[in-house]
Amino acid sequence: QVQLVESGGGLVQSGGCLRLSCSVSGIIFRNYGVGWFRQAPGKERQLVAQLASTGRTIYVDSVKGRFTISRDNAKKMVYLQMSSLEPNDTAVYYCAVEDGRNWSTNWGQGTSVTVSS
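These numbers were taken from a predicted model, which means no experiment stands behind them.

Cut-offs and rules
Residues numbered from 1 in each chain as written. Predicted model: local features only at pLDDT ≥ 70, side-chain atom pairs only at ≥ 80, totals over all residues. Heavy atoms only, no water. Helix = DSSP H or I, 4+ residues; strand = E, 2+ residues; numbered from the N terminus. Rg over C-alpha atoms; globule rule 2.2 N^0.38 Å. Buried < 20%, exposed > 50% of the residue type's maximum accessible area, 1.4 Å probe, protein only. Core = buried A, V, L, I, M, F, W, Y, C linked by side-chain atoms within 4.5 Å. Contact = heavy atoms within 4.5 Å. Disulfide = S-S within 2.5 Å. Pairing = 2+ DSSP bridges. 1 Å grid on protein atoms, 1.4 Å probe; cavity = no way out; pocket = protein on both sides within 12 Å on 5 of 7 lines; lining within 4 Å. Points joined across faces, edges and corners; volume = space filled by probe spheres on them. Nonpolar A, V, L, I, M, F, W, Y, C, P; charged D, E, K, R; others polar.

(A) Just the overall build of the chain, in detail. Within the chain, the secondary structure is distributed over zero helices and 10 strands. Secondary structure of the chain in N-to-C order comes out as β-β-β-β-β-β-β-β-β-β. Against the globule reference of 13 Å for 117 residues, the chain gives a C-alpha radius of gyration of 13 Å, in line with a compact fold. Projected onto the principal axes, the alpha-carbon positions of the chain cover approximately 40 × 25 × 25 Å. Out of the 117 residues belonging to the chain, those deemed buried represent 40%.

Shown next as structure tokens:
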């Protein structure tokens, strides 16, 4: 039902910044919360940032203070602003939406972030 297309990844040096974007279609976007997951090589996909339907933002401890999630309902876009990047941030990043109970499972292609030391 939902279609998600991530972009904005790339190669960046430690301490640098990137902004990831996610285009959302196929749903009434304003009715859903949004989030960003990442999957590092050999590890499970992990939720790192979410903007809940209540407006509350939640971040995993390892990115708190460095990452900021936001949305633009008019453009049907989700963003992840990342600063002070570290090699441990290297992963494929995916966006997702939630209805207050469950996260979407129709994963996009993701966008790859590589942070060099």
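(B) Quick peek at the nonpolar core. In terms of nonpolar packing, the biggest core is built from 28 residues, with V24, W36, I69, L80, M82 and Y93 touching the most fellow members. Taken together, the elements giving at least two residues each to this core come down to β3 (18-25), β4 (33-39), β5 (46-51), β7 (67-72), β8 (77-82), β9 (91-98) and β10 (111-116). The contacts of Y93, once residues within four sequence positions are left out, are E6, L20, W36, F37, R38, F67, L80, M82, G110, T111 and V113.

(C) Main features of the state of the cysteines. What the rule picks out here adds up to one disulfide. In this model, C22 is linked to C95 through a disulfide, with the two sulfur atoms separated by 1.9 Å. Looking along the S-S bond of the C22-C95 disulfide, the torsion reads about 55 degrees, which is the right-handed sense. Taken together, the residues C22 in strand β3 and C95 in strand β9 connect sequence positions 73 residues apart. Each member of the pair, C22 as well as C95, carries the same accessibility label: buried. For the unlinked cysteine C17, the closest cysteine sulfur is that of C22, found at 20 Å.

(D) The pairing of strand β1 (residues 3-7), seen in detail. The alternating pattern of β1 places L4 and E6 on a buried face, while none of Q3, V5 and S7, on the opposite face, is buried. For β1 and β3, the ladder comprises five bridges, and the chain directions are antiparallel. Paired with V5 across the strands is S23, a residue of β3.

(E) Examining the layout of surface pockets more closely. Of the pockets and cavities examined, the largest pocket occupies roughly 160 Å³. Every residue along the wall of the largest pocket is listed here: R38, Q39, A40, K43, E44, Q46, N88, T90 and A91. Residue composition of the lining of the largest pocket, grouped by class: two nonpolar, four polar and three charged.

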